[in-house]
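Here's the letter readout for the chains.
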Amino acid sequence: ATRCAQVRSYRYTSPEDSVLEKLFLQRFWNFGVRFFPTWFAPNLMTAVGLVFALGAYGTLLWHSPELDGSLPAWAAVACAAMLFVYQTMDGMDGKQARRTGAGSPLGEVTDHGADAIAACIYGAFI
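Residues numbered from 1 in each chain as written. Predicted model: local features only at pLDDT ≥ 70, side-chain atom pairs only at ≥ 80, totals over all residues. Heavy atoms only, no water.

1. Side note on the overall build of the protein
- Broken down by element type, the protein carries five helices and zero strands.
- Helices (α) and strands (β) of the protein occur, in sequence order from the N terminus, as α-α-α-α-α.
- Looking at the protein as a whole, 29% of its 126 residues are labelled buried.
- Within the protein, counting contacts between residues at least 6 apart in sequence, those at least 24 apart form 75% of the total.
- For the protein, the computed accessible surface area is about 8,300 Å², with 66% contributed by carbon and sulfur atoms. (Helix = DSSP H or I, 4+ residues; strand = E, 2+ residues; numbered from the N terminus. Buried < 20%, exposed > 50% of the residue type's maximum accessible area, 1.4 Å probe, protein only. Contact = heavy atoms within 4.5 Å. Areas by Shrake-Rupley, 256 points an atom, 1.4 Å probe, with all protein chains shown as cover.)

So, in structure tokens, the structure goes:
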């Protein structure tokens, strides 16, 4: 019972080390999250973002299966846009969770799991 209480009382705090995050991204995410209704679940935001990241990866592999840089310019722009959507959703999901009071350990696992998958996807673009 004590261990369950510790899990339930755990609160994640994100370090805000980046100058860019402090100067621009936090404001951008705070602005963007206002366009989502409160019934839109934070985990759904995470999932939608991950779908865009996977879409970027699929586009990359479809148009450049050898990963040799032969990606058409329009596909590169599409991939960049999809990865931007992923990053934006990733930045806003926690804000939506706090805004709606829906933060949970499951949400953190979902968010960090999506981040881990996306980190592998970003590797293919480098």
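2. Quick word on the confidence of the model for the protein
- Averaged over every residue, the pLDDT of the protein is 89; residues scoring 70 or more account for 87%.
- The spread of mean pLDDT over the elements of the protein runs between helix H1 (residues 2-9), the lowest at 66, and helix H3 (residues 42-63), the highest at 96. (pLDDT = per-residue confidence, 0-100.)

3. Points about a nonpolar patch on the surface
- A cluster of nonpolar side chains, contributed by Val19, Leu20, Leu23 and Phe24, occupies part of the molecular surface with about 420 Å² of accessible area.
- For Phe24, a relative accessible area of 46% gives the class partly exposed. (Patch = residues over 30% accessible without salt bridge, like charges linked within 9 Å, V, L, I, M, F, W, Y side chains within 5 Å. Salt bridge = Lys/Arg side-chain N within 4 Å of Asp/Glu carboxyl O.)

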